[in-house]
Amino acid sequence: MKKLFAEFFGTFWLVFGGCGSALFSSQIAPSANGQMGILLIGVALAFGLTVLTMAYAVGHISGGHFNPAVSFGLLAGGRFSARDLAPYIVAQCFGAIAAAGALYVIVNGSGTPDFSAPGAFATNFYDAPVYFEKSYSMSAAFITEFLLTAFFLIIIMGATDKDADGKFAGIAIGLALTLIHLISIPITNTSVNPARSLSQAIFVGGKAVSQLWLFWAAPILGGVSGGLIYKFLLQKKV
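Not measured: the values here are computed from a predicted model.

Colleague: Just give me the short version of the overall build of the protein chain, but keep the residues and values in it.
Modeller: When helices and strands are tallied, the protein chain shows nine helices and zero strands. Reading the protein chain from its N terminus to its C terminus gives the helix and strand order α-α-α-α-α-α-α-α-α. Its C-alpha atoms give the protein chain a radius of gyration of 17 Å, near enough to 18 Å, the size a compact globule of 238 residues would have. With the principal axes as the frame, the protein chain shows a C-alpha extent of 60 × 35 × 35 Å. Carbon together with sulfur atoms contributes 69% to the accessible area of the protein chain, which is approximately 11200 Å² in total.

Given below as C-alpha cells:
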C-alpha cells in the first residue's frame, strides 16, 4: 500500500504542478513591464521539477513511476513485476484525476471557465492550431509521443541502472521530461503520460476524450519499445 500511495501522491504532484503551471502561470496578460507569464519554457520546467522532486521524495518507496507508460516500459525492460502493473496504473490514474479535480475547483474560483477550445484545461490534442497557428496531424502526434516516450524510458533505465550513479537519477529524469515538453508542447501539449492525459480530458469531455486513445496508445507503445531497446541493446550483460 505504501508503494501505491507513493504513486498516487507522485502522480498527483506531477499533474497539479505541471498542468497547474500551464493553467495559472503561462498566459498571464502582458503588463506595462512586459510579459509576466512563464510561457512554454516555464511550463516545461514545471513538469520536469515535479518528477525531479517526487523522485527524491518517494522514488525510494515505489520506484517513482508516476506514469502508466513508464510502468509498462519498466516491465518490458525487466525492471518491474507484472503483478504490480495494474495496481500501479490504478493508483497513478486516481492520483492524476484527484489533481485535475483540485485544479478544476480552483479554475472555477475565478468564474465559469470555457473549455470548448482545443487544449483547454491543459488537455492534449492533435489536428488543432493551438500554438503558432500550426496544427499537427494524428500521425505526427503519434510519432512524437511514441519517440519521446521511448527515449524517456531509455533515459530512466540508464539513469537507474545498477552501474550508474543513482544519486543523480532524479536530476537526469527531471531534465529529460523538461526537454520532452520543450519539444512537444506545440505539437500535442505533451502527454508521454496516459494518466496525465486522462485526468484532464475527463473534466473537459468532447474532443479531448475522443482523441484520448492516441495519448494512451502512443506513450505505452513507446515506453515498451524504450524498455526493450535498453534491455537488449544497451544494458550490460551479467
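Colleague: Give a description of the packing of helix 1 (residues 2-24) against helix 2 (residues 39-62) that names residues and reports values.
Modeller: At a minimum axis distance of 8 Å, the contact between helix 1 and helix 2 shows a crossing angle of 170 degrees. In this view, helix 1 runs roughly antiparallel relative to helix 2, as classed from their interaxial angle. Looking at the contact of helix 1 with helix 2 residue by residue, the class counts come to 13 nonpolar, seven polar and three charged.

Colleague: Hey, could you go over the nonpolar core for me, with residue numbers and the actual values?
Modeller: Grouped burial of nonpolar side chains is what soluble globular proteins tend to show. If you look at the biggest cluster of nonpolar residues, it comprises 47 residues, and the most contacted ones within it are Val-15, Leu-74, Phe-152 and Leu-177. Going through the elements one at a time, helix 1, helix 2, helix 3 (68-76), helix 4 (85-108), helix 5 (138-159), helix 6 (169-188) and helix 7 (194-204) are the ones with two or more residues in this core. Residue contributions to this core peak at nine residues, all from helix 4. Look past the residues within four positions of Phe-152 in its chain and what remains in contact with it is Asn-67, Val-70, Ile-173, Ala-176, Leu-177 and Ile-180.

Colleague: Break down the side chain of Ser-62 for me, citing the residues and quoting the values.
Modeller: Relative to the helices and strands, Ser-62 resides in helix 2. Look at Ser-62 and you get buried, because its relative accessible area is 7%. Here the side chain of Ser-62 touches Glu-7 through a polar contact of 2.6 Å, side chain to side chain. In contact with Ser-62, other than residues within four places in its own chain, are Lys-3, Ala-6, Glu-7 and Tyr-88.

Colleague: How would you sum up the layout of surface pockets? Please name residues and give values.
Modeller: Within this model, the second largest pocket holds a volume of roughly 490 Å³. Together, 33 residues line the second largest pocket, and Gly-63, Gly-64, His-65, Ile-156 and Ile-173 are the ones closest to its centre. The set of elements that each furnish at least two residues to the lining of the second largest pocket consists of helix 1, helix 2, helix 3, helix 5 and helix 6. With seven residues, the single largest contributor to the lining of the second largest pocket is helix 2. Residues belonging to the lining of the second largest pocket are distributed by class as follows: 16 nonpolar, 13 polar and four charged.

Colleague: Break down the UniProt feature "transmembrane region" (unreviewed entry) in the protein chain for me, with residues and values.
Modeller: Mapped onto this numbering, the UniProt entry annotates "transmembrane region" (unreviewed entry) at residues 36-58, 85-107, 136-156, 168-187 and 213-233. For residues 136-156, the end-to-end C-alpha separation is 28 Å, with 90% helix and 0% strand making up the annotated structure. Helix makes up 95% of residues 213-233 and strand 0%, whereas the separation of the span's terminal C-alpha atoms amounts to 29 Å.

Colleague: Run through the side chain of Ser-197, naming residues and quoting values.
Modeller: Position of Ser-197 among the secondary structure elements: in helix 7. Beyond its immediate sequence surroundings of up to four residues, Ser-197 is in contact with Asn-124, Ser-191, Leu-212 and Phe-215.

Colleague: If you had to explain the pattern of salt bridges to someone new, which residues and values would you point to?
Modeller: What the rule picks out here adds up to three salt bridges. The salt bridge partner of Asp-163 is Lys-162, with a shortest N-O separation of 3.6 Å. On the basis of relative accessibility, which here comes to 47%, the residue Asp-163 falls in the partly exposed class. Among the residues examined, Lys-162 registers a relative accessible area of 64% and is labelled exposed. One network of salt bridges, in which partners are shared, links Lys-162, Asp-163 and Lys-236.

Rules used in this analysis
Residues numbered from 1 in each chain as written. Predicted model: local features only at pLDDT ≥ 70, side-chain atom pairs only at ≥ 80, totals over all residues. Heavy atoms only, no water. Helix = DSSP H or I, 4+ residues; strand = E, 2+ residues; numbered from the N terminus. Rg over C-alpha atoms; globule rule 2.2 N^0.38 Å. Areas by Shrake-Rupley, 256 points an atom, 1.4 Å probe, with all protein chains shown as cover. Axes fitted to C-alpha atoms, helices over the stretch in contact; angles between N-to-C directions. Parallel < 35°, antiparallel > 145°, perpendicular 65-115°, else oblique. Nonpolar A, V, L, I, M, F, W, Y, C, P; charged D, E, K, R; others polar. Core = buried A, V, L, I, M, F, W, Y, C linked by side-chain atoms within 4.5 Å. Buried < 20%, exposed > 50% of the residue type's maximum accessible area, 1.4 Å probe, protein only. Contact = heavy atoms within 4.5 Å. Polar contact = N/O pair within 3.5 Å; in protein donor to acceptor, adjacent residues only side chain to side chain. 1 Å grid on protein atoms, 1.4 Å probe; cavity = no way out; pocket = protein on both sides within 12 Å on 5 of 7 lines; lining within 4 Å. Points joined across faces, edges and corners; volume = space filled by probe spheres on them. UniProt positions renumbered as here; feature names shortened; annotations may be inferred. Salt bridge = Lys/Arg side-chain N within 4 Å of Asp/Glu carboxyl O.

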